[in-house]
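Commentary on secondary and tertiary structure
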Amino acid sequence: MTIQLGVVMDPIATIQPAKDSTLAMMLAAQRRGWQVYYLPPEGVMLRDGRVRAQAFPTTVRDDPHDWFTLDTPRTLALGTLDVILMRKDPPFDMEYVYMTYLLEHAAREGVQVVNAPRALRDCNEKFSTTWFPDCIPPTLVGRERDAFLAFLAEQERIVVKPLDAMGGASVFRIERGDPNTNVILETLLDHGRRTVLAQRFLPEYRQGDKRILLIDGEPVDYMLARLPAPGEGRANLAAGGSYEGRPLGRREREIATRVGPVLRERGVLFAGLDVIGDWLTEINITSPTCIRELDRLYGLDIAGDLLARVEARLD
């Protein structure tokens, strides 16, 4: 029987196909003979006790100029699908949370949701690093300005970022004595109304912000080191960074070994760990990327390996 796959994602027409990990997953599913449906988030709803969605039968191609065709949409009860990939990008706002409620309801009807909706809610991509204090740099989470000023005085250079953004958005580096310190903290903390995270600044980011991909708790053997553009304080590819591939080293495997089993237990089949120097800085589970870059560099099929694990769970 053909496996029925639904993919919840941002508009498929606006992705960058050469680097989009969700497209890699859809291509891998199509190669396996699965039926692929594109599920726009706004078309998912609950009616009469069942979660339904506007579902577009989709054909995908590895073509940077013509990568998809949508057939006539139909209304599907999501519980009749075999698998749903939740691949909507942050921001992690209340609309995102509401979507996890709907997908959790669908999961109770029998569909496998990747990653698990409860995990998406519980494992904040920045805060969840604090579960592994031996793996992270000195860290502060809160919303009281004086606590951040004291942390800055202690660490001398810190990075401060919101808990709900992605791609390096609203990330600030502050050095002790910076005359903009108060306005940066007031802006991020919203005068004590918003919780943010601060970490000791890691100058090793210049040698690469390393993305390690985990499939069902186990690391891919190679990682993508994202390198900052000249004059840029962030190494994110979305911020103009470049990249190079590297094999995992001892410390990266050590971190993956600590984090992987915890994520697997929580229902996270696909994750991306961000490591700077020897330190874990983020655990990405909403829509981790870098599949296509690593596949091209090393001849891998990361999405195919992920779907093999997903399929094994259907048996």
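We now turn to the structure provided with this report. (Residues numbered from 1 in each chain as written. Predicted model: local features only at pLDDT ≥ 70, side-chain atom pairs only at ≥ 80, totals over all residues. Heavy atoms only, no water.)

A tally of helices and strands in the chain yields eight helices and 18 strands. In terms of overall size, the chain behaves like a compact globule, its C-alpha atoms giving a radius of gyration of 20 Å where 315 residues would be expected to give roughly 20 Å. In terms of its C-alpha atoms, the chain occupies a principal-axis envelope of roughly 65 × 45 × 35 Å. In the chain, which comprises 315 residues, the proportion classed as buried is 52%. Expressed as a percentage of contacts within the chain between residues at least 6 apart in sequence, the contacts between residues at least 24 apart total 67%. Carbon together with sulfur atoms contributes 48% to the accessible area of the chain, which is approximately 14,100 Å² in total. In the chain, the 39 positive side-chain charges and the 45 negative ones have mean positions that sit 1 Å from each other. (Helix = DSSP H or I, 4+ residues; strand = E, 2+ residues; numbered from the N terminus. Rg over C-alpha atoms; globule rule 2.2 N^0.38 Å. Buried < 20%, exposed > 50% of the residue type's maximum accessible area, 1.4 Å probe, protein only. Contact = heavy atoms within 4.5 Å. Areas by Shrake-Rupley, 256 points an atom, 1.4 Å probe, with all protein chains shown as cover. Lys, Arg positive; Asp, Glu negative; His and termini not counted. Charge placed at Lys NZ, Arg CZ, Asp CG, Glu CD.)

Grouped together as the largest cluster of nonpolar side chains are 41 residues, with contacts concentrated most on L78, L273 and L280. With five residues, the top contributor of residues to this core is helix α2 (residues 94-108). Discounting residues that sit within four places of it in the chain, L78 has contacts with L39, V44, V51, R52, A53, I84, L103, A106 and V111. (Core = buried A, V, L, I, M, F, W, Y, C linked by side-chain atoms within 4.5 Å.)

Okay, empty space enclosed by the protein next. If you walk through the whole model with that rule in mind, you get two cavities of 30 Å³ or more. Of the residues assigned to the lining of the largest cavity, the class counts are seven nonpolar, two polar and three charged. Per-class residue counts for the lining of the second largest cavity are eight nonpolar, two polar and one charged. (1 Å grid on protein atoms, 1.4 Å probe; cavity = no way out; pocket = protein on both sides within 12 Å on 5 of 7 lines; lining within 4 Å. Points joined across faces, edges and corners; volume = space filled by probe spheres on them. Nonpolar A, V, L, I, M, F, W, Y, C, P; charged D, E, K, R; others polar.)

With respect to the helices and strands, the residue A303 is situated in helix α8 (residues 302-312). Sequence separation between A303 and D146 is 157 residues, and the spatial gap between their C-alpha atoms is 45 Å. Leave out the neighbours within four places in its chain, and A303 touches A24, M25, A28 and I291.

This part covers the packing of aromatic side chains. Enumeration over the complete set of coordinates arrives at seven aromatic pairs. Residues F201 and Y205 carry aromatic rings whose centres are separated by 5.8 Å and whose planes lie at 65 degrees to one another, so their mutual orientation is edge-to-face. The burial state of F201 is the same as that of Y205; both residues are buried. Against the face of F201 rests R173, its NZ or CZ located 4.5 Å from the ring centre. The lysine or arginine in question, R251, covers the ring of W279, its NZ or CZ lying 5.6 Å from the ring centre. (Phe/Tyr/Trp six-rings, centres within 6.5 Å; stacked < 30°, edge-to-face > 60°. Lys NZ or Arg CZ within 6 Å of the ring centre and 35° of its normal.)

Moving on, we come to the pairing of strand β15 (residues 222-227). For β15, a buried count of five out of six residues is recorded, marking the element as mostly surrounded by other parts of the structure. Bridge count between β15 and strand β16 (residues 242-247): six bridges; the pairing is antiparallel. From the neighbouring strand, Y222 faces β16, where its bridge partner is P247. (Pairing = 2+ DSSP bridges.)

Right, let's get into the packing of helix α4 (residues 145-155) against helix α5 (residues 181-189). Between α4 and α5, the shortest axis-to-axis distance is 10 Å and the interhelical angle comes to 135 degrees. In terms of orientation, α4 lies oblique with respect to α5. Considering only the axes of α4 and α5, their crossing is right-handed. Residue-level inspection shows R145, F148, L149 and L152 of α4 in contact with α5, the latter providing T181, N182, L185, E186 and L189. (Axes fitted to C-alpha atoms, helices over the stretch in contact; angles between N-to-C directions. Parallel < 35°, antiparallel > 145°, perpendicular 65-115°, else oblique. Left-handed = near helix turned anticlockwise from the far one by under 90°.)

Turning our eyes to something else, we now look at the sheet that holds strand β12 (residues 196-200). Within the open sheet, the four strands sit side by side as β9-β12-β10-β11. Their pairing is antiparallel. Edge positions in the open sheet fall to β9 (139-142) and β11 (172-175), since each of these has one partner strand only. Adjacent strand axes in the sheet meet at a mean angle of 25 degrees when their direction is disregarded. Contacts from α4 reach β9, β10 (157-162), β11 and β12 within the one sheet, and its direction differs from that of β12 by about 10 degrees.

This next bit is on the environment of T22. Relative to the elements of secondary structure, T22 occurs in helix α1 (residues 21-31). As a C-alpha pair, T22 and R200 span 178 residues in sequence and 32 Å in three-dimensional space.

Further remarks concern the packing of α1 against α8. Close contact between α1 and α8 brings their axes to 8 Å; oriented N to C, the two are set at 65 degrees. In this structure, α1 crosses over α8, and the sense of that crossing is right-handed. Residue-level contacts link A24, M25, A28 and A29 of α1 to A303, G304, L306 and L307 of α8. Residue composition of the contact of α1 with α8, grouped by class: seven nonpolar, one polar and no charged.

As a further point, take the environment of Q207. Mapped onto the elements of the fold, Q207 is located in the loop between β12 and β13 (209-215). Beyond its immediate stretch of four places on either side in the chain, Q207 contacts L227 and R246.

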